[in-house]
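Remarks on the overall topology
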Amino acid sequence: MEQPLRFGIVRNQNLPWETMVRHWQVFEALGFDSIWHADHYQRPSLPEEPFLEGWTLLAALALKTSTPRIGILVSSNTFRHPPLLAKQAVTVDHIANGRLEFGLGTGWFKPEHERFGVPFPETPELVARFAEAVELIDLLLTQDTTTWTGTYYHLHDAPFRPAAIQRPRPPLTLGAHGPRMLKIVARYGDRWNSYGTTAEIRERNDRLDEACAAIGRDPGQIIRSLYGWTIPMGVDPWSSVEAFADVVGRYREAGMSEFLMEAPHEPQFPMMERIARELLPALRNT
């Protein structure tokens, strides 16, 4: 099935609490479909700057908004035991009255792990742990009691109550780029999120379609979601209405239907408001 166009904002949490609240409420008032932030101990691009913890902040911001979908793009599987992460997700889904988008990735910023003493395995184990975690979280969110014996995680008659508000579970947003990761998305993902050039995104889209075909899943069931990071896109989408429309057009041709853009700097808010009021309604209607 063809996915409708969606537009969201990713607001990194390197700002004071009061500013985060104000920004999120501006994004909500402008009608963005979703608002997200990151999961880090420190912001990779600004490692010395203050940075608020993701899930605690998401729970608080859920109480300061009422309509947009909310999520973390994406949670690092290396930071938490999967049952704990699933509990956090269910708790936020209750606080947000069923608005959670549950984002999960392998974890990637090695220097951050080294600084904070978090183990960071080699890539094969990193992906294998992620695959187990996704399957386990899917079970926890859809069963009352779970027993699990894996290579990395073990549960025995673990009750999981209450269930999330959303049924059968909150949608899973899986961050993935490589072939092994895309196969996991094909099996469990409700949304696939990636960043890169249009050529890279087009190739990954094709690989995801192939992975879906291999297991008999309709590829149209998975939202194709772009993390709008300026560097690989080659343009700041908030520089003008034309620049935003150009990004959407190029990546839409590459197969993406959702655009989660890094938040503009505050001096760019008037342009963001113009884009939200003049351009986004027209794009949603095409």
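All of the points below concern the structure found in this document. (Residues numbered from 1 in each chain as written. Predicted model: local features only at pLDDT ≥ 70, side-chain atom pairs only at ≥ 80, totals over all residues. Heavy atoms only, no water.)

1. What about the packing of aromatic side chains?
Scanning the entire structure with this criterion turns up 11 aromatic pairs. With a centroid separation of 6.1 Å and 85° between ring planes, the pair formed by Y195 and Y227 is classed as edge-to-face. Here Y227 lies in strand β10 (residues 223-228) and Y195 lies in the loop between β9 (191-194) and α7 (198-215), a separation of 32 residues in the sequence. Taking relative accessible area as the criterion, Y195 reaches 30% and is therefore assigned partly exposed. A relative accessible area of 16% places Y227 in the buried class. Aromatic ring contacts, followed pair by pair, group F7, F32, W238, F244 and F259 into a single cluster. (Phe/Tyr/Trp six-rings, centres within 6.5 Å; stacked < 30°, edge-to-face > 60°. Helix = DSSP H or I, 4+ residues; strand = E, 2+ residues; numbered from the N terminus. Buried < 20%, exposed > 50% of the residue type's maximum accessible area, 1.4 Å probe, protein only.)

2. Some thoughts on the packing of helix α9 (residues 241-253) against helix α10 (residues 269-284)
Two elements in contact, α9 and α10, have axes whose closest approach is 10 Å; the angle formed by their N-to-C orientations is 45°. With respect to α10, the axis of α9 lies oblique. For the crossing formed where α9 meets α10, the hand is right-handed. Residues V241, F244, A245 and V248 of α9 form the contact with α10, whose own contacting residues are M271, R274, I275, L279, L280 and L283. Looking at the contact of α9 with α10 residue by residue, the classes come out as 9 nonpolar, no polar and 1 charged. (Axes fitted to C-alpha atoms, helices over the stretch in contact; angles between N-to-C directions. Parallel < 35°, antiparallel > 145°, perpendicular 65-115°, else oblique. Left-handed = near helix turned anticlockwise from the far one by under 90°. Contact = heavy atoms within 4.5 Å. Nonpolar A, V, L, I, M, F, W, Y, C, P; charged D, E, K, R; others polar.)

3. Details of unusual backbone geometry
In the segment running from L73 into V74, the intervening peptide bond is cis, with an omega of -15°. Among the secondary structure elements, V74 is positioned in the loop between β3 (69-72) and β4 (75-76). In this structure, P162 follows R161 across a cis peptide bond, with omega equal to 0°. Mapped onto the secondary structure, P162 falls in the loop between β7 (154-159) and β8 (172-175). Positioned with a positive phi, N97 is a non-glycine residue whose angle comes to about 55°.

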